[in-house]
Amino acid sequence: MTAQRARLQWTGAVVTEAIRQAAARGVLLSAEHVLQASRQRVPIAEGTLERSGAASVDARQLTAAVSYDTPYAGRVHEDLNARHAPGRSAKYLESVLPQEAATVQAIIAAQVRRALR
(Lines give C-alpha, C1' and ligand atoms only; values in the text may rest on other atoms or scores of the structure.)
Protein backbone atom coordinates (compact mmCIF):
# COMPACT_ATOMS: atom_id res chain seq x y z
CA MET A 1 0.00 0.00 0.00
CA THR A 2 1.42 3.38 -0.98
CA ALA A 3 0.95 6.52 1.03
CA GLN A 4 -0.85 9.37 -0.66
CA ARG A 5 -0.30 12.97 0.17
CA ALA A 6 -2.82 15.72 0.05
CA ARG A 7 -2.33 19.40 0.46
CA LEU A 8 -4.96 21.73 1.86
CA GLN A 9 -4.75 25.47 1.69
CA TRP A 10 -7.03 27.23 4.16
CA THR A 11 -8.38 30.53 2.86
CA GLY A 12 -10.77 31.27 5.69
CA ALA A 13 -9.89 34.97 5.86
CA VAL A 14 -10.51 35.40 2.13
CA VAL A 15 -13.86 33.64 2.34
CA THR A 16 -14.87 35.61 5.43
CA GLU A 17 -14.08 38.88 3.66
CA ALA A 18 -16.00 37.82 0.55
CA ILE A 19 -19.03 37.00 2.70
CA ARG A 20 -18.75 40.32 4.51
CA GLN A 21 -18.61 42.26 1.23
CA ALA A 22 -21.57 40.29 -0.12
CA ALA A 23 -23.56 40.95 3.04
CA ALA A 24 -22.78 44.68 2.77
CA ARG A 25 -23.96 44.65 -0.84
CA GLY A 26 -27.11 42.81 0.26
CA VAL A 27 -27.74 45.35 3.02
CA LEU A 28 -27.44 48.20 0.49
CA LEU A 29 -29.78 46.51 -1.98
CA SER A 30 -32.23 45.84 0.85
CA ALA A 31 -32.16 49.46 1.98
CA GLU A 32 -32.84 50.56 -1.59
CA HIS A 33 -35.73 48.08 -1.75
CA VAL A 34 -37.25 49.48 1.47
CA LEU A 35 -36.76 53.03 0.16
CA GLN A 36 -38.59 52.17 -3.05
CA ALA A 37 -41.44 50.51 -1.16
CA SER A 38 -41.78 53.46 1.21
CA ARG A 39 -41.84 55.92 -1.71
CA GLN A 40 -45.07 54.23 -2.80
CA ARG A 41 -46.67 55.39 0.47
CA VAL A 42 -45.13 58.82 1.03
CA PRO A 43 -47.81 61.52 1.10
CA ILE A 44 -47.46 63.71 -1.96
CA ALA A 45 -48.21 67.40 -2.24
CA GLU A 46 -45.43 68.49 -4.58
CA GLY A 47 -43.19 65.41 -4.49
CA THR A 48 -40.42 67.09 -2.49
CA LEU A 49 -40.72 64.66 0.41
CA GLU A 50 -40.65 61.63 -1.89
CA ARG A 51 -37.58 62.92 -3.75
CA SER A 52 -35.72 63.55 -0.48
CA GLY A 53 -35.61 59.82 0.36
CA ALA A 54 -32.20 58.18 0.55
CA ALA A 55 -30.65 54.87 1.53
CA SER A 56 -27.26 54.72 3.22
CA VAL A 57 -25.10 51.86 4.48
CA ASP A 58 -22.33 51.42 7.01
CA ALA A 59 -20.48 48.48 5.44
CA ARG A 60 -18.29 47.92 8.50
CA GLN A 61 -21.26 47.55 10.85
CA LEU A 62 -23.50 45.95 8.19
CA THR A 63 -26.28 48.39 8.98
CA ALA A 64 -28.42 50.52 6.72
CA ALA A 65 -30.65 53.53 7.08
CA VAL A 66 -33.51 54.84 5.00
CA SER A 67 -34.30 58.48 5.57
CA TYR A 68 -36.28 61.39 4.23
CA ASP A 69 -34.60 64.78 4.46
CA THR A 70 -37.10 67.61 4.62
CA PRO A 71 -37.85 69.78 7.64
CA TYR A 72 -41.35 68.30 7.83
CA ALA A 73 -40.59 64.61 7.11
CA GLY A 74 -40.88 63.56 10.76
CA ARG A 75 -44.08 65.50 11.32
CA VAL A 76 -45.73 64.02 8.21
CA HIS A 77 -44.58 60.52 9.20
CA GLU A 78 -46.08 60.77 12.69
CA ASP A 79 -49.32 62.71 12.03
CA LEU A 80 -51.98 59.99 12.04
CA ASN A 81 -54.79 62.55 11.75
CA ALA A 82 -53.68 64.05 8.43
CA ARG A 83 -55.62 63.16 5.31
CA HIS A 84 -53.69 61.81 2.34
CA ALA A 85 -54.39 60.61 -1.19
CA PRO A 86 -55.42 56.96 -1.57
CA GLY A 87 -52.49 54.63 -1.01
CA ARG A 88 -50.50 57.34 0.77
CA SER A 89 -50.26 57.47 4.56
CA ALA A 90 -48.50 58.52 7.70
CA LYS A 91 -45.98 55.96 8.96
CA TYR A 92 -44.93 55.61 5.31
CA LEU A 93 -41.54 54.24 6.34
CA GLU A 94 -42.31 52.44 9.60
CA SER A 95 -45.23 50.49 8.12
CA VAL A 96 -43.13 49.16 5.22
CA LEU A 97 -40.47 47.49 7.36
CA PRO A 98 -42.53 44.59 8.78
CA GLN A 99 -44.08 43.89 5.39
CA GLU A 100 -40.74 43.81 3.58
CA ALA A 101 -38.72 41.90 6.22
CA ALA A 102 -38.82 38.57 4.38
CA THR A 103 -37.76 40.23 1.13
CA VAL A 104 -34.92 42.05 2.88
CA GLN A 105 -33.67 38.76 4.33
CA ALA A 106 -33.91 37.06 0.93
CA ILE A 107 -31.95 39.84 -0.79
CA ILE A 108 -29.11 39.62 1.72
CA ALA A 109 -29.08 35.80 1.64
CA ALA A 110 -28.94 35.80 -2.16
CA GLN A 111 -25.88 38.05 -2.16
CA VAL A 112 -24.10 35.83 0.37
CA ARG A 113 -24.96 32.69 -1.61
CA ARG A 114 -23.51 34.26 -4.76
CA ALA A 115 -20.28 34.99 -2.92
CA LEU A 116 -19.96 31.35 -1.85
CA ARG A 117 -20.20 29.90 -5.36
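Residues numbered from 1 in each chain as written. Predicted model: local features only at pLDDT ≥ 70, side-chain atom pairs only at ≥ 80, totals over all residues. Heavy atoms only, no water.

### A few points about the packing of aromatic side chains
The full count for this structure, using the stated rule, is 1 aromatic pair. Both rings, one in Tyr68 and one in Tyr92, keep their centres 5.2 Å apart while their planes meet at 90°; by these two values the pair is edge-to-face. Note that Tyr68 is positioned in strand β2 (residues 63-68) and Tyr92 in the loop between α3 (73-78) and α4 (96-115), a separation of 24 residues in sequence. Tyr92 shares its class with Tyr68; the two are buried. (Phe/Tyr/Trp six-rings, centres within 6.5 Å; stacked < 30°, edge-to-face > 60°. Helix = DSSP H or I, 4+ residues; strand = E, 2+ residues; numbered from the N terminus. Buried < 20%, exposed > 50% of the residue type's maximum accessible area, 1.4 Å probe, protein only.)

### Quick look at the side chain of His77
Mapped onto the fold, His77 is located in helix α3. On the basis of relative accessibility, which here comes to 10%, the residue His77 falls in the buried class. Within the local environment of His77, its side chain forms a polar contact with the side chain of Glu78, the two groups lying 2.8 Å apart. Leaving out residues up to four positions away in the same chain, His77 has contacts with Ala90, Lys91, Tyr92, Leu93 and Glu94. (Polar contact = N/O pair within 3.5 Å; in protein donor to acceptor, adjacent residues only side chain to side chain. Contact = heavy atoms within 4.5 Å.)

### Considering helix α1 (residues 12-39)
With 28 residues, α1 should cover 40 Å at 1.5 Å per step; its first-to-last C-alpha distance of 40 Å lies within 8% of that length. Taken as a whole, α1 has its buried residues at Gly12, Ala22, Ala23, Ala24, Gly26, Val27, Ser30, Ala31, Val34, Leu35, Ala37 and Ser38. (Expected span 1.5 Å × (residues − 1).)

### Considering the pattern of salt bridges
Where charged atoms of side chains with opposite charge meet at close range, the side chains can pair. The full count for this structure, using the stated rule, is 2 salt bridges. Lys91 is the salt-bridge partner of Glu94, the closest N and O atoms lying 3.3 Å from each other. It is possible to trace a salt-bridge network through shared partners that takes in Glu78, Lys91 and Glu94. (Salt bridge = Lys/Arg side-chain N within 4 Å of Asp/Glu carboxyl O.)

### Points about the pairing of β2
For strand β1 (residues 53-58) and β2, the ladder comprises 6 bridges, and the chain directions are antiparallel. If you follow Gly53 over to β2, its bridge partner there is Tyr68. Two successive antiparallel strands, β1 and β2, enclose a turn made up of 4 residues, where Leu62 displays a positive phi of approximately 55°. (Pairing = 2+ DSSP bridges.)

### Quick word on unusual backbone geometry
Even without being a glycine, Leu62 presents a positive backbone phi close to 55°. Summarising the element assignment, Leu62 is placed in the loop between β1 and β2. On the basis of relative accessible area, Leu62 is assigned to the partly exposed category, the value being 28%. Not every positive phi belongs to a glycine, and Lys91 is a case in point at roughly 60°. Here Lys91 shows up in the loop between α3 and α4.

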